[in-house]
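What follows is the residue order along each chain.
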Amino acid sequence: MRADGEQVSHLPISIDQSLIDELAAIVGADGIVSRATELKVYECDGWTVEKSSPDILVLPRSTEQVSGVLRALDGRGIAFVPRGAGTGLSGGCLPLGAPVMVCTSRMNRIIEIDYANRRVEVESGVVNLHVTNAVKPKKFFYAPDPSSQMACTIGGNVAENSGGPHTLKYGVTTNHVLGLELVLPDGEVVRLGGGYEERCGYDLVGAVVGAEGTCGIVTRATLKLMREPENHRTMLATFPDVESATRAVSAIIASGIVPGAIEMMDRMILRAVDDAFHVGFSPDAGAVLIVELDGLEIGLTDFADRVATIAREAGASDMKLARDEAERALLWKARKRAFGAVGRLAPNYCTQDGVVPRTRLPDILRVINEASVRHNLAIGNVFHAGDGNLHPIILYDEREPGQVERALAAGRDILKACVEMGGSLTGEHGIGAEKMGEMPLMFAPDDLTAMMALRRVFDPHERANPGKIIPQPGACVEVAMPHRQVPI
Ligand SMILES: Cc1cc2nc3c(=O)[nH]c(=O)nc-3n(C[C@H](O)[C@H](O)[C@H](O)COP(=O)(O)OP(=O)(O)OC[C@H]3O[C@@H](n4cnc5c(N)ncnc54)[C@H](O)[C@@H]3O)c2cc1C
């Protein structure tokens, strides 16, 4: 029987009624979901290639409740998977081997805003954009701005070390987290870091940021606040092809100018975005760059002129400056909702995430094109070009036999090339369940063993988000789909 009296038949032995009663006593009966149809909502995140529902979902409202839940699970040796908003793009909250999902969506309070010390203390389920909205009236903002910022949570951002368009100039999540409250898998609550930037001792905040929920559940974060820049210049540069656009990216950075953001969209993405938002991109455009300069008004016009000159020298056929806030907002809407617009192009898509040194962008785009031809799947590109952080979007139709496998193979080819070019397997979306098998492309067995040793300091029994990031030496990773088995 469930806490609300309804019969539950699908639960494994480990999730028996006594555990449900114990959890309900901690979070309340309305904080538990165990009906199979309702759990379907939680069967995947933004990486939809694999799906598997948890056996039970718990929705705590406080650190104390998270601690109580993890203590109860620890007592029975049950693993758990943390979840924020489920916008992750690497299958990070797929419950592989973890029957209980703990979702922070009810922990959404902004606890304290401290303008004098430029910091804010939030619960981990707070939506990213809500932080900036809360401090905007005083002309502050929270810098890491994933394109999913309207939905994703600070806890998810911390777990993935998320980035976004403006991290070119301001840095990714790890550069903006001063302190964390973390509930360890045995229920102990620890505080890492503090309220100030100067810390001594080991950087345990740095170890938890990007750990993808494998150290425990982050319940609170102390974040840095940034002063809003005095003004912006947001420009749209149109290029005949991606090669000339990426040449411009390197040339802008090499000139010494660091824009707030440099984002690129290729022809396929431009068409989808224009159909959705009517931005008015040129039909001849092979690629566009959105370049945003920010800072003191006094130097901005000069910098914008220099960027325009550099872009033209690299082959830009057209440069437009957003004339007002509405035009600027339209450009950012087009960019930030590009993934959604791609839904018009195919029944399914997966968004890859890799990095190359920015001077290798033309090379990797050639590799992506070759992968598209080899695997006979369309691939579009929209990405944080200034960081060399790519997001090839691989279109497929899961109803067609073989297309899922081809999409995964194309993704693997691209990641392998990223690593060979001196880049990385992920820029900001994490390894999750998706790329665990690719970790040996970048790390030797000793590296992976060292990572596991660090993880075990926090989670000795590997019950926090098992089956993520670090492949087990000599074992097969237990995954939902047979073609995803990853022998190491
Ligand atoms: C349209 C779209 C655009 C995106 N654009 C960007 C972008 O520009 N930049 C970028 O970096 N990402 C982007 N993403 C990816 C995604 O939004 C980020 O990874 C985000 O940080 C995930 O947050 P979430 O709350 O949805 O986390 P979830 O998807 O719920 O979880 C992500 C991971 O974090 C863990 N986790 C969640 N909460 C906690 C917690 N409190 N404690 C410990 N672990 C936790 C989960 O176990 C999982 O491993 C985009 C996604 C979409 C769908």
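Here, the structure is the one placed above.
I will try to describe carefully the structure that is included in this document. (Residues numbered from 1 in each chain as written. Predicted model: local features only at pLDDT ≥ 70, side-chain atom pairs only at ≥ 80, totals over all residues. Heavy atoms only, no water.)

Some thoughts on the sheet that holds strand β5 (residues 110–114)
Then, in step 1: Sheet architecture is open: five strands sit in the order β5-β6-β10-β8-β9, paired in antiparallel fashion. Because the sheet does not close on itself, it has two edges, and the strands there are β5 and β9 (189–193). Each neighbouring strand pair of the sheet contributes to a mean axis angle of 10 degrees, computed without reference to strand direction.
Then, in step 2: Note that β5 and strand β6 (residues 119–123) share four bridges and pair antiparallel. Bridging from a neighbouring strand, Asp114 pairs with Arg119 of β6. (Pairing = 2+ DSSP bridges. Helix = DSSP H or I, 4+ residues; strand = E, 2+ residues; numbered from the N terminus. Axes fitted to C-alpha atoms, helices over the stretch in contact; angles between N-to-C directions.)

A closer look at helix α3 (residues 63–75)
Then, in step 1: Counted at 1.5 Å a residue, the expected span for α3 with its 13 residues is 18 Å, and the 18 Å between its end C-alpha atoms agrees.
Then, in step 2: Along α3, the residues that are buried comprise Thr63, Gln65, Val66, Ser67, Gly68, Val69, Leu70, Ala72 and Leu73.
Then, in step 3: Positioned one or two residues after α3, Gly77 has a phi angle of 70 degrees, which is positive. (Expected span 1.5 Å × (residues − 1). Buried < 20%, exposed > 50% of the residue type's maximum accessible area, 1.4 Å probe, protein only.)

Thoughts on the pattern of salt bridges
Then, in step 1: On inspection of all chains with the given rule, the structure shows 28 salt bridges.
Then, in step 2: In this structure, Lys336 and Asp145 form a salt bridge, with 3.1 Å as the shortest nitrogen-oxygen distance. Of the two residues, Lys336 is situated in helix α11 (residues 325–336) and Asp145 in the loop between β7 (140–141) and α5 (154–160); the sequence distance between them amounts to 191 residues.
Then, in step 3: Taken together, the salt bridges that share partners define one network made up of Asp16, Glu22 and Arg76. (Salt bridge = Lys/Arg side-chain N within 4 Å of Asp/Glu carboxyl O.)

Focus on the environment of Glu121
Then, in step 1: Within the secondary structure, Glu121 sits in strand β6.
Then, in step 2: Distance in space between the C-alpha atoms of Glu121 and Ile252 is 36 Å, their sequence separation being 131 residues.
Then, in step 3: Those residues in contact with Glu121 that lie beyond four places of it in its chain are Ile110, Ile111, Glu112, Arg191, Arg220, Ala221 and Thr222. (Contact = heavy atoms within 4.5 Å.)

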